[in-house]
Amino acid sequence: MQMIIVDDEAHWVDNLAMNKPWHTLGIEHVHKAYSATEALQIIDTHPIDIVISDVQMPEMTGLELIERVRVRDKKIKCIILSGHSDFEFAKKAVQHKAVDYLLKPPTDQELFGAVKTAIDQLNAEWKLISSLEKTQYTLRENMPLLRGQLLLDSLQGHRLSADEWERKLGNYKLPFSYGECSLMLVRLEEEFGQYKNNGQPLIEYAIMNMAEEILGEFMEVWGVKEEHGYLVFLLQLKEQGTDIGQETILEKLSSQLQYKVKQFLKGSLSIVITEWFPFPEQLPDRFRQASAYFRQIVGDEREFVMRVSDLEQSTEQGPLDALYLPPSLINLLEAGHWDAAEAKLMAVFAELDDKWPESWEHCMEAGFLISASYTHLAHSNGHTLVKLLGTDMEPLQNGEAFTTISKLRKWSLGALGKLKEGTSNEVKDIRSLYVKKIQEFTDKNLHLDVSLRVLADHVNLHPTHLSKIYKIETGEGISEYISRLRMERACHKLKTTTKKVYEIGMEIGYMDPAYFIKVFKRQFGVTPQEYRDGNK
């Protein structure tokens, strides 16, 4: 857990943070803040669990701090310290759900007791959130979505180990086992077109329920809607079996589904069913075969039930699988997953070498998709591929890159490196732009609120993300930059103007003169006036 101690008395904060055995309570890191504003900046950028704050502070009281903390994260536990036994303060602390209200200076027993209470409350709350019962309830609520996604991923070619299959089938309570299965693909015909923009999901849900009712008497049924609009059902015969032959039962039940949908939903279905095959090894191949059957053999026919025959597929006409298995190359590039994109390309070339070493068409197919993905990435970032690749565009433009697998491999990997370099430079330029905007805004508005949240709103970024960007680009945190800028400007004004100390403090964002003097002395070891006198 992480904790922050907030007080305008620096020695008090430093003593509590550094000289107490917080690790014995499980506190991994103790942050220090010398004002409520600084505390909020730290809370915006770190996963704070517990706040210990003084009540009386310049700029913002501890109670006001708690109120702002509550807006950010209701789970953070707050402990208030006060030098006065004031009933109103204590009452407000209770209203803001403070864990405890302690008088300064608290004993170690009091302080550790309050922190332990806060930790116990946090543990109890998170235990409830992460409890097995709640997890199981959430799992039940989302079970149809999880089951559907598992089947969809498997149809698209995601491979799982035997242990992973066993675990997921068990967790999702899917009564399927390794063995013979069949696939049924269902296409809704034009009568259902009237529902395309209104009610289509309900129609599909109704058909899936009807399929489970009709097929479920004899089979385990696991259905999902895939990306091309087919309803796909994985089927496995139940152990008790049936008097109807295995080869004909699917056709009989498929015809029954067609009839019931026509009768009650007033629309027709076209159905393709596969031969029985070993599950899960052949699942993606059989799905691809069945979906291809709709395109290649069925043509314009409607309202049929057709079994996919085990046709021998010519190796010269087979698909280039690695190219299309998710995640796609274009998605990896858009996400900036460069290592994964390179691994994807290597898998494509390995398959080309293994299965299609003499096929120029497969080499061209891969080259076109790779170059299209590169072009999409360039255009999405506001560039041209020519600008990013330079001379590497020539093999693409004259077709030389597509002539052999070796040349395509060399061109693709070289071009990927240039895309990565160009995109990385662009990211760095964007970070530099954000830093410039932040510094310009801070320079002009130092006398106003320049907290991390205000700065993040100014550049439309999340505070945590902005803080990371600034640190990466400058090596300095935003709060450190603002503090340094304020002190530099204070020194300059003290040396070059005759303005009063409190006026200078207000001009650089310190509304409380005493607090400005305290911060200045902590930084330089002298008061602002002593600094001025020493530089005359």
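No experiment lies behind these values; they were computed from the predicted model shown.

*Asks:* Please set out the packing of helix 18 (residues 405–444) against helix 20 (residues 463–474) residue by residue, giving values where relevant.
*Replies:* Two numbers describe how helix 18 lies on helix 20: the axes approach to 9 Å, and their chain directions differ by 105°. In terms of orientation, helix 18 lies roughly perpendicular with respect to helix 20. Counting all contacts with helix 18, which are made through Lys428, Arg431, Ser432, Tyr434, Val435, Ile438 and Gln439, the residues of helix 20 involved are Leu466, Ile469, Tyr470, Ile472, Glu473 and Thr474. Class assignment of the residues belonging to the contact of helix 18 with helix 20 gives a composition of 7 nonpolar, 3 polar and 3 charged.

*Asks:* Before we move on, could you go through the packing of aromatic side chains and cite the residues and values that matter?
*Replies:* Per the stated rule, a full pass over the model turns up 13 aromatic pairs. Ring centres of Trp22 and Phe112 lie 4.8 Å apart, and the angle between their planes is 5°; on these two criteria the pair is classed as stacked. Note that Trp22 is positioned in the loop between helix 1 (10–18) and strand 2 (29–33) and Phe112 in helix 5 (residues 108–129), a separation of 90 residues in sequence. No difference in accessibility class separates Trp22 from Phe112, as the two residues are buried. Their ring planes at 55° and their centres at 5.6 Å tell us that Phe176 and Trp222 sit as a pair that is tilted. Within this pair, whereas Phe176 is found in the loop between helix 8 (162–171) and strand 6 (179–188), its partner Trp222 is found in strand 7 (residues 219–225), the two being separated by 46 residues in sequence. Looking at Phe176, the relative accessible area reads 7%, which means it is buried. Residue Trp222 is classed as buried on the basis of its relative accessible area of 3%. Among the aromatic side chains, those forming a connected cluster through ring pairs are Tyr510, Tyr515, Phe516, Phe520, Phe524 and Tyr531. Geometry around Tyr510 places Arg486 over its ring, the cationic atom sitting 5.3 Å from the centre. The cationic tip of Arg522 hangs over the ring face of Tyr34; the distance from NZ or CZ to the ring centre is 4.1 Å.

*Asks:* Help me get a handle on the confidence of the model for the chain, residues and values and all.
*Replies:* Averaged over all residues, the pLDDT of the chain equals 87, while 92% of them reach at least 70. Within the chain, helix 4 (residues 87–95) has the poorest average pLDDT of any element, 66, and strand 8 (residues 231–237) the best, 96. In the model, residues 311–315 has pLDDT below 50 throughout and makes 5 contacts with residues more than four positions away in sequence or in other chains.

Procedures and definitions
- Residues numbered from 1 in each chain as written.
- Predicted model: local features only at pLDDT ≥ 70, side-chain atom pairs only at ≥ 80, totals over all residues.
- Heavy atoms only, no water.
- Axes fitted to C-alpha atoms, helices over the stretch in contact; angles between N-to-C directions.
- Helix = DSSP H or I, 4+ residues; strand = E, 2+ residues; numbered from the N terminus.
- Parallel < 35°, antiparallel > 145°, perpendicular 65-115°, else oblique.
- Contact = heavy atoms within 4.5 Å.
- Nonpolar A, V, L, I, M, F, W, Y, C, P; charged D, E, K, R; others polar.
- Phe/Tyr/Trp six-rings, centres within 6.5 Å; stacked < 30°, edge-to-face > 60°.
- Buried < 20%, exposed > 50% of the residue type's maximum accessible area, 1.4 Å probe, protein only.
- Lys NZ or Arg CZ within 6 Å of the ring centre and 35° of its normal.
- pLDDT = per-residue confidence, 0-100.

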